[in-house]
Amino acid sequence: HYSGLEEAVYRNIQACKELAQTTRTAYGPNGMNKMVINHLEKLFVTNDAATILRELEVQHPAAKMLVMASHMQEQEVGDGTNFVLVFAGVLLELAEDLLRMGLSVSEASYILITVIEGYEKACKKALEVLPDLVCSSAKNLRDAEEVASLLHTSVMSKQYGNERFLAKLIAQACVSILPDSGHFNVDNIRVCKIVGAGISASSVLHGMVFKKETEGDVTSVKDAKIAVYSCPFDGMVTETKGTVLIKNAEELMNFSKGEENLMDLQVKAIADSGANVVVTGGKVADMALHYANKYNLMLVRLNSKWDLRRLCKTVGATALPRLTAPTLEEMGHCNSVYLSEVGDTQVVVFKHEKEDGAISTILIRGSTDNLMDDIERAVDDGVNTFKVLTRDKRLVPGGGATEIELAKQITSYGETCPGLDQYAIKKFAEAFEAIPRALAENSGVKANEVISKLYAVHQEGKKNVGFDIEAEAAAVKDMLEAGVLDTYLGKFWGIKLATNAAVTVLRVDQIIMAKPAGGPKPPSGKKDWDEDQND
């Protein structure tokens, strides 16, 4: 018989275990894909935990704690969301084992507090040990070859087999826009997806690519001077309505001619200022288009104000709110603007030849939208890994090597601790085995065999040895030599957030939801019953 406390804790743990199990089978390069259909009936085929969690509507409040922890990891590091979920899920599973160890009802709350304290001590110890496991660090983040080799691991977990090609693309894009200050902005790497060809046809462009067609006749401009308008490319309309009384045909002719002349003067003023490309954020009037063609202006219309802002940042232009001639300071510059056809899709390219542009675009090609979405997620993880490396260049071995070493050292630490804490500390160490175990199970290899081999090698002092994912049987190899490296910050935050989430769930003994009580609904009655009938 469980006490009310134990019953509540077990129910919470069960919900979290089920959630962690969902993403556990998607862990690592050989992880299975999930087919997620969200509330809008949009289909996602992916093994990216961040996407799966974002599209799932998790109802259970305790399981939501894990989801929040993995969202925090996504915001802080941009990768390693699955690590947080799997690790937190196993911590809770092992806490349940400790609770089930035949304790009497009266001791339930005491043992829970002991488990929580043990986990917190073990987490603190793990974060102290972690810096000693650093095996290398990034030397030069402006060397595309070196950066590509560091991005392999994060790209490999999403796109196994294409990681070398994609890591090279991401490295080129990131290095080309890394500012001298070193403050790298993830938003400066844009992705444009165009169906057709294959992944190998993907490329990097310095500048921006829009899936749009040009409005006028001019489709290519070299040495472009760009005027950007946030308003429609149309004649001025008065704020208030006016009435014009026209008595004869001549007056009607003069009226429309006056409008044409005004439009002519406005477009001529833009052309005379030296601008040869006009980008507008609103609709383009037929008359304005006619005069733009007359003065050889290239016209591009962007509906999104975000695209307009990014373009301004890329070309160094100022978005003007009214159709006035731009000054030299307000105009943007880039080497060429041209209309191109990629597959059967028309795209407008704003190209910067100089290497250190403000924005780079990765043009992704693929056979289906789902495939390209998955590649975009891999690119996103790669770019975030580069951002993390600009903050902290340290790297730890991947493939479960770091986890097994932490498990070994924390087990030793647990043996030195007096009191009941030691059981929780040893369970915390055991939880780290879940990572190489998940990698092995998803690769179709006996997990126990892999873990025993890893422990044997780590006892000899080889800290960098992890699970060899490419071998047929249970095999291990040096991760530093294989180039399978994880970022130090990713592991640091992953361990911290997973432990916090697990401890928070264990501290909860009741879930109280503010909902109306059950039973029949009260009669609605007549509306306005208190109104006087005679009114």
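Each residue is numbered by its place in its chain's sequence as written, counting from 1. Predicted model: local features are reported for residues with pLDDT of at least 70 only, side-chain atom pairs are reported and counted for 80 or more only, and whole-chain, interface and lining totals are derived from all residues. Each side-chain value is worked out from all heavy atoms of the structure, with water and hydrogens disregarded.

**Student:** Break down the overall build of the chain for me, citing the residues and quoting the values.
**Tutor:** Numbering of helices and strands runs from the N terminus, with a helix taken as a DSSP run of H or I at least four residues long and a strand as a DSSP run of E at least two residues long. Across its full length, the chain holds 17 helices and 16 strands. The reference for a compact globule is 2.2 Å times residues^0.38; the radius of gyration itself is calculated from the C-alpha atoms. In terms of overall size, the chain is more extended than a compact globule, its C-alpha atoms giving a radius of gyration of 31 Å where 535 residues would be expected to give roughly 24 Å. Contact definition: two residues touch when any of their heavy atoms are within 4.5 Å. Considering only intrachain contacts with a sequence separation of at least 6, the fraction spanning at least 24 residues in the chain is 75%. Accessible surface area values rest on a Shrake-Rupley calculation with a 1.4 Å probe, where residue burial reflects the displayed protein chains alone. Accessible surface, the chain: about 26600 Å² in total, of which carbon and sulfur atoms supply 51%. Computing the positive centroid from 58 side-chain charges and the negative centroid from 73, the chain places the two 1 Å apart. We score Asp and Glu as negative and Lys and Arg as positive, and we do not count His or the chain ends. Charge placement uses NZ in Lys and CZ in Arg. For Asp and Glu, CG and CD serve respectively.

**Student:** Summarise the domain arrangement of the chain; cite the residues concerned and give the values.
**Tutor:** Note that the domain bounds reflect an automated or database-derived domain assignment. Under the domain assignment, the chain is made up of domain 1 (4-135 + 396-507) and domain 2 (208-350). The C-alpha centroid of domain 2 is placed 56 Å from the C-alpha centroid of domain 1.

**Student:** Got a sec to walk through the sheet that holds strand S13 (residues 394-397)? Specific residues and values, please.
**Tutor:** At least two DSSP bridges between two strands are required for those strands to pair. Ordered in space as S3-S13-S16, the 3 strands form an open sheet in which the pairing is antiparallel. Looking along the sheet, the strands with just one partner apiece sit at the ends: strand S3 (136-137) and strand S16 (485-487). As judged from the 3 bridges shared by S13 and S16, these two strands associate in the antiparallel manner. Paired with Val396 across the two strands is Asp486, which belongs to S16.

**Student:** How would you explain the state of the cysteines if you had to name every residue and give the values?
**Tutor:** When two cysteine sulfur atoms are found within 2.5 Å, that pair is recorded as a disulfide. All told, the structure shown has 0 disulfides when counted by the stated rule. Not part of a disulfide, Cys334 finds its nearest cysteine sulfur in Cys312, a span of 12 Å.

**Student:** Break down the environment of Met65 for me, with residues and values.
**Tutor:** By the element assignment, Met65 lies in helix H3 (residues 61-76). For the pair Met65 and Arg190, spaced 125 residues apart in sequence, the C-alpha to C-alpha distance is 32 Å.

**Student:** Go over a negative patch on the surface, please, and point to the residues and values.
**Tutor:** On the surface, a cluster of negative charge is made up of Glu213, Glu215, Glu341 and Asp344. Examined against the element boundaries, Glu215 turns out to sit in the loop between strand S5 (203-210) and strand S6 (220-229). Among the residues examined, Glu215 registers a relative accessible area of 31% and is labelled partly exposed. Each patch is built from salt-bridge-free residues with over 30% relative accessible area, joining like charges within 9 Å and nonpolar side chains (Val, Leu, Ile, Met, Phe, Trp, Tyr) within 5 Å. Salt-bridge detection follows one rule: a side-chain nitrogen of Lys or Arg within 4 Å of a carboxyl oxygen of Asp or Glu. When a residue's accessible area, from a 1.4 Å probe over protein chains only, is under 20% of the maximum for its type it is buried; when over 50% it is exposed; and in between it is partly exposed.

**Student:** Pulling in residues and values, what's your account of the packing of aromatic side chains?
**Tutor:** Stacked, edge-to-face and tilted are the three classes for Phe, Tyr and Trp ring pairs, Trp counted by its six-membered ring, which pair at centre distances within 6.5 Å; planes under 30 degrees apart are stacked, over 60 edge-to-face, the rest tilted. Following the criterion strictly, the structure yields 9 aromatic pairs and no others. With a centroid separation of 5.5 Å and 85° between ring planes, the pair formed by Phe87 and Phe428 is classed as edge-to-face. A residue pair is termed long-range when its members are at least 10 positions apart, and Phe87 in helix H4 (residues 81-99) and Phe428 in helix H13 (residues 421-431) qualify at 341 residues. A residue is classified by how much of its surface remains accessible, and Phe87, at 0% relative accessible area, is buried. Following the ring pairs from residue to residue traces out a cluster consisting of Phe83, Phe87, Tyr119, Phe428 and Phe432. Charge-over-ring placement is defined geometrically: NZ (Lys) or CZ (Arg) within 6 Å of the ring centre, and within 35 degrees of the ring normal. When the ring centre of Trp306 is taken as reference, the NZ or CZ atom of Lys305 above it lies at 5.5 Å. The side chain of Arg394 reaches across the aromatic face of Tyr488, ending 4.0 Å from its centre.

**Student:** Tell me about the pairing of strand S2 (residues 43-46), and please be specific about residues and values.
**Tutor:** Across a regular strand the side chains alternate sides, sitting on one face of the sheet and then on the other. Across the two faces of S2 the burial differs, with Phe44 and Thr46 buried and Leu43 and Val45 not buried at all. Here strand S1 (residues 34-37) pairs with S2 via 4 bridges, running antiparallel. For Ile37, the partnering residue across the bridge sits in S2 and is Leu43. Linking two consecutive strands that pair antiparallel, namely S1 and S2, is a turn of 5 residues; a positive phi of about 65° is found at Glu41 within it.

**Student:** Lay out the side chain of Thr280 with the relevant residues and their values.
**Tutor:** The topology assignment puts Thr280 in strand S7 (residues 277-280). Residue Thr280 is classed as buried on the basis of its relative accessible area of 0%. Side-chain polar atoms of Thr280 contact the backbone nitrogen of Gly282, separated by 3.3 Å. In contact with Thr280, not counting residues within four places along its chain, are Tyr229, Cys231, Pro232, Phe233, Leu299, Val300, Arg301, Leu302 and Leu308. Between N or O atoms, a polar contact is any pair within 3.5 Å; within protein, one atom must be a potential hydrogen donor and the other a potential acceptor, and residues adjacent in sequence are included only when both atoms are from side chains.

**Student:** Residue-level account of the side chain of Lys34, with values.
**Tutor:** Checked against the element boundaries, Lys34 lands in strand S1. Although Lys34 lies buried, it forms no salt bridge, and the closest oppositely charged side chain, Glu441, sits 11 Å away as judged by the N-O distance. A polar contact is formed between the side chain of Lys34 and the side chain of Thr25, at a distance of 2.5 Å. Among all residues touching Lys34, those that are not within four sequence positions of it are Thr22, Thr25, Ala26, Phe44, Val45, Thr46 and Ile52.

**Student:** Help me get a handle on the pairing of S5, residues and values and all.
**Tutor:** Extensive coverage of S5 is indicated by the burial of 7 of its 8 residues. When S5 meets strand S12 (residues 360-366), the two strands line up antiparallel, connected through 4 bridges. Bridged to Ser203 within S12 is Leu363.

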